[in-house]
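Chains, contacts and geometry: an overview
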Amino acid sequence: MTELCKTRDTWITPQDFRDAVVEVFGSPELDVAADGTNAFTDDPVFFYDGKSEGDGLWREWDTYDNHYAWCNPPGSAVSLWTAKALKEAILGNRSLVLVQAGISSKWYQAVRPYCETLLLTPRIQFDPPAGIPKSSKSRDYMLLVFEPWMTRIPGDRVRTWKWKTIKGETDE
């Protein structure tokens with residue numbers, strides 16, 4: 001992985017979006033694609049390095065009760081992470097996967113019938129890793145909700161989530 005790709009893959013999910021996720025879905029039990037500087041949860045965190053058996057692509061995402069695994073995957077490996085989230089849903093584990101809105105991509109078409117797609121508005125402004133200046137650029141993102149029951153009842157579940165209205169804020 002190039003240094004530029006590494007830098008792009010480590011931007012941090014902003015706190016206001018995390019707060020909205022927790023308000024709607026509760027707290028995540030696992031963060032399966034963190035790198036140690038951008039984790040959503042304190043513990044356990046599966047550090048992603050793309051090759052070791054300790055990272056979230058290799059380990060099972062055991063979630064209990066009504067908890068879920070959080071996944072903000074590196075943009076350079078989205079297809080691997082969405083396929084893993086689908087596999088985990090088949091095994092009975094819930095997950096939320098935050099990805100760029102690539103609705104015509106092959107990876108999205110492969111998982112779309114087995115998850116709920118929340119198209120996010122307004123756009124998310126990610127926080128840069130240490131030493132990188134904040135950018136005014138933002139892209140469209142979507143949150144994929146993988147539930148075990150959805151793997152047994154495929155369907156077309158796509159809607160818009162105005163995530164800032166959760167706390168009474170208005171769209172920008």
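A brief look at the structure comes next. (Residues numbered from 1 in each chain as written. Predicted model: local features only at pLDDT ≥ 70, side-chain atom pairs only at ≥ 80, totals over all residues. Heavy atoms only, no water.)

So, the overall build of the chain
The following threshold applies: Numbered from the N terminus, helices here are DSSP runs of H or I no shorter than four residues, and strands are runs of E no shorter than two. A simple rule labels every residue: compare its accessible area, found with a 1.4 Å probe on the protein chains alone, to the largest value its type can have, and call it buried under 20%, exposed over 50%, or partly exposed in between. Residues are treated as being in contact if the distance between any of their heavy atoms lies within 4.5 Å. In these tables, accessible area is a Shrake-Rupley quantity obtained with a 1.4 Å probe, and a residue counts as shielded only by the protein chains included in the view.
Across its full length, the chain carries four helices and seven strands. Ordering the α and β elements of the chain from the N terminus gives α-α-β-β-β-α-β-α-β-β-β. Here the chain holds 172 residues, and the buried ones make up 46% of them. Considering only residue pairs separated by 6 or more positions, the chain has 72% of its internal contacts joining residues 24 or more positions apart. Of the roughly 9,200 Å² that the chain leaves accessible, carbon and sulfur atoms contribute 51%.

Remarks on the packing of aromatic side chains
Spelled out, the test is: Note on aromatic contacts: the rings of Phe and Tyr and the six-membered ring of Trp form a pair at centre separations within 6.5 Å, being stacked when their planes are under 30 degrees apart, edge-to-face when over 60 apart, and tilted otherwise. Ring-over charges, as used throughout, are those where CZ of Arg or NZ of Lys falls within 6 Å of the ring centre and within 35 degrees of the ring normal.
Using the criterion set out here, one finds nine aromatic pairs in the structure. Taking 4.8 Å as the distance between ring centres and 50 degrees as the angle between the ring planes, the aromatic pair formed by F126 and Y141 counts as tilted. Note that F126 is positioned in the loop between β5 (116-121) and β6 (141-146) and Y141 in strand β6, a separation of 15 residues in sequence. As far as the burial class goes, F126 and Y141 line up, both buried. What links up through ring pairs into an aromatic cluster is the set F17, F25, F40, Y68, W70, W161 and W163. The ring centre of F40 lies 5.2 Å from the NZ or CZ of R18, which sits over that ring.

Comments concerning the nonpolar core
The criterion, for reference: Each nonpolar core is a collection of buried residues, namely Ala, Val, Leu, Ile, Met, Phe, Trp, Tyr and Cys, held together in the definition by side-chain atoms within 4.5 Å.
Counting 21 residues, the largest nonpolar core has W61, L144 and F146 as the members making the most contacts within it. Elements that contribute at least two residues to this core include exactly β1 (30-34), β3 (69-71), α3 (78-90), β4 (95-100), α4 (106-111) and β6. Of the residues forming this core, the biggest block, five residues, is contributed by α3. For L144, the contacting residues outside a window of four places in its chain are T82, S95, L96, V97, V99, W107, Y108, V111, C115, E116 and T117.

Structural notes on the pattern of salt bridges
Definition in use: Salt bridges are identified by distance alone: a Lys or Arg side-chain nitrogen within 4 Å of an Asp or Glu carboxyl oxygen.
For the coordinates displayed, the defined rule picks out six salt bridges. As a salt-bridge pair, K164 and D16 come within 3.7 Å of each other at their nearest N and O atoms. Linking K164 in the segment after β7 (157-162) with D16 in helix α2 (residues 15-25), this pair joins segments that are 148 residues apart in sequence. Since its relative accessible area comes to 11%, K164 is described here as buried.

A closer look at α3
Test applied: One fewer than the residue count of a helix, multiplied by 1.5 Å, yields its expected span.
Spanning 13 residues, α3 covers 19 Å between terminal C-alpha atoms, matching the ideal 18 Å at 1.5 Å per step. Turning to α3, its buried residues are V78, W81, T82, K84, A85, L86, E88 and A89. One or two positions beyond α3, positive phi appears at G92, with a value near 105 degrees.

The values reported here are purely geometric and, on their own, carry no functional implication.
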